[in-house]
Structure formats: C-alpha cells, structure tokens
Amino acid sequence: MTKLGMGMMRLPLVDENDQTSIDMEQVNKMVDLYMDAGFNCFDTAFVYHEGVGEAAFRESVVKRYPRESFKISTKLPLFVITEESQLEPLFAQQLENCGVDYFDYYMLHNVSGFTENAWKNVDLYSFIQKKKEEGYIKHIGISTHGNAEFLEEILFEHPELEFVLLQINYLDWDDEGIDSRKCWEVARKYNKKVMIMEPYKGGFLADVPQEAEKLMKDYNPDRSVVSWAMRFVANIDDVCVVYTGASTLEQLENNIDEFKNADPLNDEEMEIIKEVSDIINSNITVDCTKCRYCVDACAEEIDIAKVFDLYNKHKMLEKEDWTQFGNAYLNYSKLPDVGIASDCIECEACIEECPQSINIPEVLKDVAKTFETEIYGFEN
Ligand code: SF4
Ligand code: SF4
C-alpha cells in the first residue's frame with residue numbers, strides 16, 4: 001500500500017533568502033502533525049538546505065521520537081564525489097548529521113549524466129552494498145532524473161538495488177524529456193519498489209493556469225486543484241511511498257487530507273488531466289522544479305531557482321508588463337551578496353547540475369531582458 005512521505009527539501013525558513021535559516025518551530029509542528037496523522041516516512045539529503053537539512057531532521061524527529069517509530073531515507077551526494085576516499089567520512093558525517101545508527105533507505109543521489117564523474121570513477125554501488133552488510137543501511141537504491149534506457153542499464157547491471165526514487169506526476173507522465181511512465185515501467189520490470197518525488201512538480205501543479213483550474217472545478221467544484229495531482233500519483237501501482245515537500249503547516253495539512261481522500265481518477269477525469277497538462281505545458285516558460293541543485297555552482301551567486309520561479313509566475317499572468325513578481329525581482333536584486341540575471345557570465349557551470357536539462361544561461365538572458373530591461377530599465 002502506498003504511504004505518504006514527508007520530504008524535507010523545502011522546509012519553512014525564517015529568512016526566505018537564507019536556505020539555512022530553517023524555522024525549527026514550524027518544522028516541529030509539521031512533524032507532529034504528520035506523525036499524528038499516522039505516517040512516519042521522512043526523506044532528506046546531504047545537500048538539502050545547503051547542508052543543514054539532515055541536522056534539521058535530527059533535531060525535529062530523532063531527538064523527539066523513538067527510533068523505531070519512524071523511517072528515514074537520505075542520499076549520498078554524488079555531486080561532490082571524485083574519489084573513493086571521500087565515501088567513508090561522508091557517510092559517517094551523514095549518520096552524525098541525522099543522529100541515527102542506521103538509515104532505513106539510502107540512495108545514490110541523482111544517478112544520471114551529470115553525476116557520471118562520481119559513478120563512473122568510484123565504485124559507489126559496492127560501497128552502499130558494504131554499508132548494508134555492515135548494518136548501517138536497511139535498503140539501498142538510487143534516485144535518478146535519467147531516462148528509461150539509462151535506468152534500465154543501471155537496474156540490469158545492479159540487481160542488488162532494491163528501490164528507485166523517480167520524479168512522477170501527471171505532467172511528466174508522458175513527457176518525452178522526463179519519461180516518468182517509461183521509468184516506472186522499467187522499475188516494475190526489474191521488480192524494484194518505486195518511491196515518488198515531485199508529485200506537484202515543484203508546486204506547478206498546485207498553481208495551474210486559470211483555464212486549467214476552470215476545467216477541474218467545472219467537473220467537480222468540491223475538489224481542490226492539488227487533489228488531482230495527489231490522486232494521480234497515489235493510485236499508481238507498485239509505489240511504496242509518495243514524498244511531498246511542504247513548506248508550511250497548511251500545505252502539509254492539505255497534503256495529508258488529499259492523500260487520505262485520494263480515490264482513483266476515473267476515465268473522464270484522466271481525459272481532463274490530459275487537457276490540463278496541455279494547457280500547463282503551453283504556459284510554462286521555464287521547466288524549473290526549484291530543486292536548487294544549480295545554485296551552489298554559480299560563482300556569481302545568482303539564486304537561479306528563485307529568479308526562475310518569479311519569472312514563471314510573471315509569465316503566467318497573461319503577459320502583463322508589471323506584476324508583483326517583477327516587483328519581487330526588484331526587491332531580490334537589492335539584497336546584499338546576490339547576483340541578478342544579467343550578472344551571468346555564461347560559464348555554464350550550472351547546466352550540468354540541472355536534472356531538468358534547462359539551458360540556464362540562455363533563460364537568464366530572457367529573465368534579464370524581461371525584468372531588468374523592459375520593466376525596470378536597470379543600469380549595469
Ligand atoms: S552560467 Fe551563469 S548562472 Fe550558470 S553558473 Fe555560470 S554565471 Fe551562474
Ligand atoms: S534550474 Fe534546474 S537545477 Fe536549478 S533549481 Fe531549476 S530545476 Fe533545479
């Protein structure tokens with residue numbers, strides 16, 4: 001049976017411009033709400049919240065709940081690995097960060113083209129298998145944003161893997177770039193458990209264009225927009241857990257309610273989902289899920305995830321000249337120690353970090369043109 005997992009990638013912040021300023025009071029309330037609702041699967045990673053995500057999990061869950069009452073999954077950060085000697089200290093650091101003696105689920109983080117330096121040059125699979133044999137991991141797996149052929153190669157070569165974490169939602173299900181459905185089919189073929197991430201595609205599916213929302217509401221005014229996304233993922237076969245990453249107590253409350261009421265979509269509703277997907281696809285300007293993997297790579301300190309988010313929202317508002325998102329961009333540009341879109345020097349260091357294969361410097365040129373030149377006439 002599918003469970004609802006609490007993803008800890010986008011936790012509430014005290015200062016919205018500082019990813020390390022996690023609002024622990026809010027996180028504690030969220031964890032309590034989630035546990036009280038009868039769920040217990042948490043997901044974090046070494047890189048979340050610029051390296052303090054695992055510690056937030058420790059403070060909020062491990063220090064306040066008995067170890068046997070919850071399950072934790074975390075991930076080996078392939079992005080930083082270049083040699084074998086890094087593995088033991090990193091793993092030990094993760095156990096310490098999380099405050100646990102073992103991980104229930106441990107995965108290689110985003111095995112795909114842009115982490116190949118790590119998985120081609122270092123024997124990561126033997127390492128996690130060894131850690132499992134030593135009792136530090138219960139189950140080993142991978143997360144990936146690679147395509148179905150790539151996943152098949154991995155699962156064929158590594159029968160020891162027990163599960164895969166995949167990006168699945170109704171918008172990506174038949175998307176040629178993401179290949180969700182085909183990846184899920186490959187995982188099933190190899191009898192692997194599937195975990196789902198990004199069921200709302202980084203929030204896109206909670207905030208769809210008005211035309212799409214109207215289709216959903218006309219069909220059933222009592223159902224929220226996100227309920228369609230949740231019902232879609234919660235009823236996919238052979239999925240063990242759906243991780244949703246709430247940033248507020250209210251979002252988490254909604255996720256729990258929607259999950260508990262996630263009856264399967266009927267044929268008519270599946271048709272509506274297809275129409276909704278077409279509308280969203282024709283409105284999305286940048287396919288960014290706000291994962292923030294690119295942000296650390298940027299020497300110009302451009303908060304790429306943030307400016308893309310503002311840009312998408314601005315574009316979604318029917319091409320108005322001025323929007324509150326343009327205003328938010330102006331506010332962002334005045335913060336100390338941040339780069340703006342036009343600061344991009346096109347070094348391309350960010351591109352290989354992006355699981356969505358976005359040509360970031362190219363898009364930043366559009367962002368700069370829209371927000372800086374057309375709206376505000378910035379001078380550089
Ligand atoms: S290409 Fe631009 S956005 Fe990307 S890392 Fe370089 S300066 Fe930063
Ligand atoms: S641009 Fe790519 S790597 Fe950066 S936040 Fe968006 S999806 Fe993630």
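See the structure shown above.
Residues numbered from 1 in each chain as written. Chains lettered and ligands numbered in written order. Predicted model: local features only at pLDDT ≥ 70, side-chain atom pairs only at ≥ 80, totals over all residues. Heavy atoms only, no water.

Draft legend 1. View of the site of ligand 1. Taken together, the residues surrounding ligand 1 are Ala297, Cys298, Glu300, Ile304, Cys344, Ile345, Glu346, Cys347, Glu348, Cys350, Pro361 and Leu364. Class assignment for the residues of the shell around ligand 1 results in nine nonpolar, no polar and three charged. (Near = heavy atom within 4 Å. Nonpolar A, V, L, I, M, F, W, Y, C, P; charged D, E, K, R; others polar.)

Draft legend 2. A look at the site of ligand 2. In the vicinity of ligand 2, the contacting residues are Cys288, Thr289, Lys290, Cys291, Arg292, Cys294, Ala305, Phe308, Cys354, Pro355, Gln356 and Ile360. When the residues that make up the shell around ligand 2 are grouped by side-chain class, the tally is eight nonpolar, two polar and two charged.

Draft legend 3. Just the packing of aromatic side chains, in detail. Counted under the stated rule, the structure contains 20 aromatic pairs. Between tyrosine 34 and phenylalanine 39, the ring centres sit 5.7 Å apart and the planes meet at 25 degrees, which makes this aromatic pair stacked. Across the pair, exposure class does not vary: tyrosine 34 and phenylalanine 39 are buried alike. Aromatic pair phenylalanine 42 and phenylalanine 57: ring centres 5.9 Å apart, planes at 55 degrees, arrangement tilted. Linking phenylalanine 42 in strand E2 (residues 41-43) with phenylalanine 57 in helix H2 (residues 53-62), this pair joins segments that are 15 residues apart in sequence. Note that arginine 67 overlies the ring of tyrosine 102, its terminal NZ or CZ placed 3.9 Å from the centroid. Cation over ring: lysine 138 sits above tyrosine 102, and NZ or CZ is 4.7 Å from the ring centre. (Phe/Tyr/Trp six-rings, centres within 6.5 Å; stacked < 30°, edge-to-face > 60°. Buried < 20%, exposed > 50% of the residue type's maximum accessible area, 1.4 Å probe, protein only. Helix = DSSP H or I, 4+ residues; strand = E, 2+ residues; numbered from the N terminus. Lys NZ or Arg CZ within 6 Å of the ring centre and 35° of its normal.)

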